[in-house]
Every structure is written in C-alpha cells, then in structure tokens.
There are 2 protein chains.
Amino acid sequence: MMLDSETKAVELPEDHGTELRLWLRLLTCTTLIEGEVRSRLRERFDVTLPRFDLMAQLDKAPDGMTLSDLSKRMMVSNGNVTGLVERLVESGHLDRRTSDTDRRVQFIRLTKLGRAEFRKMAAEHETWIADIFGDLSHKDIRELMRLLAKTKASAQRSAKARTP
Amino acid sequence: MMLDSETKAVELPEDHGTELRLWLRLLTCTTLIEGEVRSRLRERFDVTLPRFDLMAQLDKAPDGMTLSDLSKRMMVSNGNVTGLVERLVESGHLDRRTSDTDRRVQFIRLTKLGRAEFRKMAAEHETWIADIFGDLSHKDIRELMRLLAKTKASAQRSAKARTP
DNA sequence: CCAAATTGCTTGAAGCTTAAAGAAATTCCG
DNA sequence: CGGAATTTCTTTAAGCTTCAAGCAATTTGG
C-alpha cells in the first residue's frame, strides 16, 4: 500500500467500492445483532450489554483480572472500565482488591452473586446467538470464521502500519 | 428453532459454542475497524464517526431526508439523531427545513460546506477501508459479502420472530 | 365530522464512551 | 542511589446512545 502509492504515477483514483460495501455490510450485521442482544438482555435481565460483556470477561478469569486487562480485552478505554466496574461493585456483582505487591493494581472478580447471575444470563444468551445465526450451515460458519480471522489480521496490520 | 424446542424431549443442552465464537469474532473485527476509522477521522479531520456516518447518509440523498429516515438508515434511536443533527446544524454542515405538507416533518440536507467537507473526508476514508481490507483477495471479499448477506437475513428473521 | 390511533420529532434521565490530563506507584538505567 | 520514564488507574469534559414519556400534527375508521 505504502509502496504502491509512492511507486504509482501520481494518483489515479482506484476503485475501492467493493471494500467499502463490505465494510458497510459487516457493520450492519454487527449493529443488527448487537441491538438484538442488547434488547433481549434488557428485557429478560434488565442488564446492559457493556455490563454483560464485562462480566463475561471476568467469568473466564476465576482469580480476577486487573482493570488494564479488562480494558484491553474489551477493547475500550481505561476510564470506561473504571466507571463500569464502579457501578458493578456498587450493585454487588463485583469485588475489588488491591494487589499486595503493586499498589497501583486492582484485581477485579465476580462475586458469588455476580457469577450466579452471569451464568444464568450466559446460558440464555448462547441460545439467542445460536438462533440469530441459525440459518447458517456448519460450512458457512467455518468459512466465515476463516474469513473473519483473515479480516482481523488485515485490519491489525493496517492499524499497526499507521502507529509504528 | 421454536418447533425444535417443543418437539424435543425437554432440554438437552446443545452445543452452541461455534455460533458464539463466530459472534465474538465478528464483533472483534467490527470494533477493531471502527476504532481505527474513528481514530483516523479525529486525527485527520477532527470529526466524530457518528457525524461522518450521518453526513454519509445525507450525501446519498441530495434532496434531503427526514429525521426518521436518518434514524432508520443509521439504525439508531430517534432522539440520538435529533441531537446529532442539532450539533451539525450548529456547525454549519446541515440545513433543516420543515415540510410544507406535514408540519411534523423536517427535511435535512447537507449545506454546501457540509457536502464539500464530507466529500473530502469520504475520499480518504475509502482508501483507509481499502487498506484495512487490503489482505483479502477479490474472492475472499465476494465470499464474505455473500456470507454476511446470509447472516444479516438470518439475524433479521430471528429479530422478527421475537417481535411479531 | 370527530375521537382514537398513529406518526414525527423532542426532551430528560441514566448510562456509555472517548480523549486528554493528571496522580500515584513502580521500573529503568546511568 | 536517584531522576526519568513507564505503568496503572482516576478524573473531567464533551459527546454519544438508549429508553421512555410526551407533544403536536396527521391519518384512520366509525
């Protein structure tokens, strides 16, 4: 890409319409599904999607995670996580403990209540997702997984190239 | 799905892990790309992604659109669009005019300034997207388009089934 | 024609999100 | 050791987003 634009005779406007259409379609799919999941979470459990996502991360780490880990995994800003955690501690779903060896670090865990509620939600959530993707064959799914992995790698390469 | 769960002998917990993993991967891709685009828009043009998206919709409708149309196309709430439009009118990018035949309706258009700025941004934006998807072959793109179309249809079917 | 339902938009409260700046603790390295 | 850089987390301001309630205009169906 960078080589191209330097090698090329000035700048013939190329056709990038297909990539753009692909991106818009990808975005539409995600927005659609996200909205559906958000709605069902609110309706069934009166919980927001960000809270569910945060609890999902913690459920995978029984010994807890730091705020930084959470922020990296969830791909959101640090300050965002600070606020989310605060509200979830307030509601009794989370537990925070300062590290013994590094007083900057906080370990966050699900409380017993938090874990129990999350597990209940997660079970239903999984069936929603299965239904939402229900018209795709196993082969479709495999193929999508492969192509999205490639997409992710491509996007990461592009992002990295910009921020050296 | 509905038939299944009624026909089936109570509820054997099925394996829906692959669908869930697919959803998470889809979400990761979108979040990654969205973040990258957001960053570049801010850096290059000091504009937010929602404003860019809104202007993109309007650019396709030279005669203007109503707030409801915008909200449907962008898949966000009505109130959200009200605020976005307000700020963009304020900054001179948008123009609002009440319909002659229905005094509830407002037609929103890009101003000359708005259109000029958007076109400049859109041209660069398209090259970013092309680069972000740059590692995908034409065949990959065609295949992804097809599978995402199927995904979208499946998600819409699922959403519709829930809200009759 | 008119009451009821619908449509288009706005408002308000709560929560989410980012970017940027800053505070506190730790690590690096000369 | 000790100052500089880095890391972890919080705070702040601005903006985005949803949901629910509400207002005004229009359409619908008796």
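Cut-offs applied
- Residues numbered from 1 in each chain as written.
- Chains lettered and ligands numbered in written order.
- Predicted model: local features only at pLDDT ≥ 70, side-chain atom pairs only at ≥ 80, totals over all residues.
- Heavy atoms only, no water.
- Contact = heavy atoms within 4.5 Å.
- Buried area = accessible area lost by both parts, 1.4 Å probe.
- Salt bridge = Lys/Arg side-chain N within 4 Å of Asp/Glu carboxyl O.
- Polar contact = N/O pair within 3.5 Å; in protein donor to acceptor, adjacent residues only side chain to side chain.
- Helix = DSSP H or I, 4+ residues; strand = E, 2+ residues; numbered from the N terminus.
- Least-squares fit on C-alpha atoms with pLDDT ≥ 70 in both.
- Near = heavy atom within 4 Å.

Chemist: Would you mind going over the interface of chain A and chain B in detail, with residue names and values included?
Modeler: On the side of chain B, 54 residues touch chain A, which itself brings 54 residues to the contact. Of all residues in chain A, Leu22(A), Trp23(A) and Arg162(A) give up the largest surface area on contact with chain B, accounting jointly for 12% of the area buried on that side. The interface formed by chain A and chain B holds 10 salt bridges in total. Across the pair Arg157(A) and Asp135(B) runs a salt bridge whose closest N-O atoms are separated by 3.1 Å. Counting the contacts that link chain A with chain B gives 27 residue pairs in polar contact (both at pLDDT 80 or more). Breaking the side of chain A that touches chain B down by element, the ones donating at least two residues are α2 (17-45), α6 (112-132) and α7 (138-162) of chain A. Looking at which element gives the most residues to the side of chain A that touches chain B, the answer is α2(A), with 21 residues.

Chemist: Explain the relation of the copies chain A and chain B to me, using residue names and the numbers behind them.
Modeler: Turning chain A through 180 degrees and shifting it by 0.0 Å along the axis lays it on chain B, with an RMSD of 0.0 Å. Taken together, the rotation and translation describe the operation of a two-fold axis. An overlap of 100% is found between the interface residues of chain A and their copies at the interface of chain B, pointing to a shared contact surface.

Chemist: Describe the protein's contact with DNA strand C, with residues and values.
Modeler: The environment of DNA strand C is made up of 24 residues, and the closest members are Arg87(A), Leu67(B), Ser68(B), Arg104(B) and Gln106(B). Near the protein, meaning within 4 Å, the atoms of DNA strand C are sugar or phosphate in a fraction of 79%, with bases accounting for the rest. For DNA strand C, a base nitrogen lies 3.2 Å from a polar atom in the side chain of Arg104(A). A distance of 3.0 Å separates a phosphate oxygen of DNA strand C from a polar side-chain atom of Arg96(B). Secondary-structure elements contributing two or more residues to the surface near DNA strand C are α3 (49-59) and α5 (78-90) of chain A together with α4 (67-74) and α5 (78-90) of chain B. When residues in the surface near DNA strand C are grouped by element, the largest group, four residues, is from α5(A).

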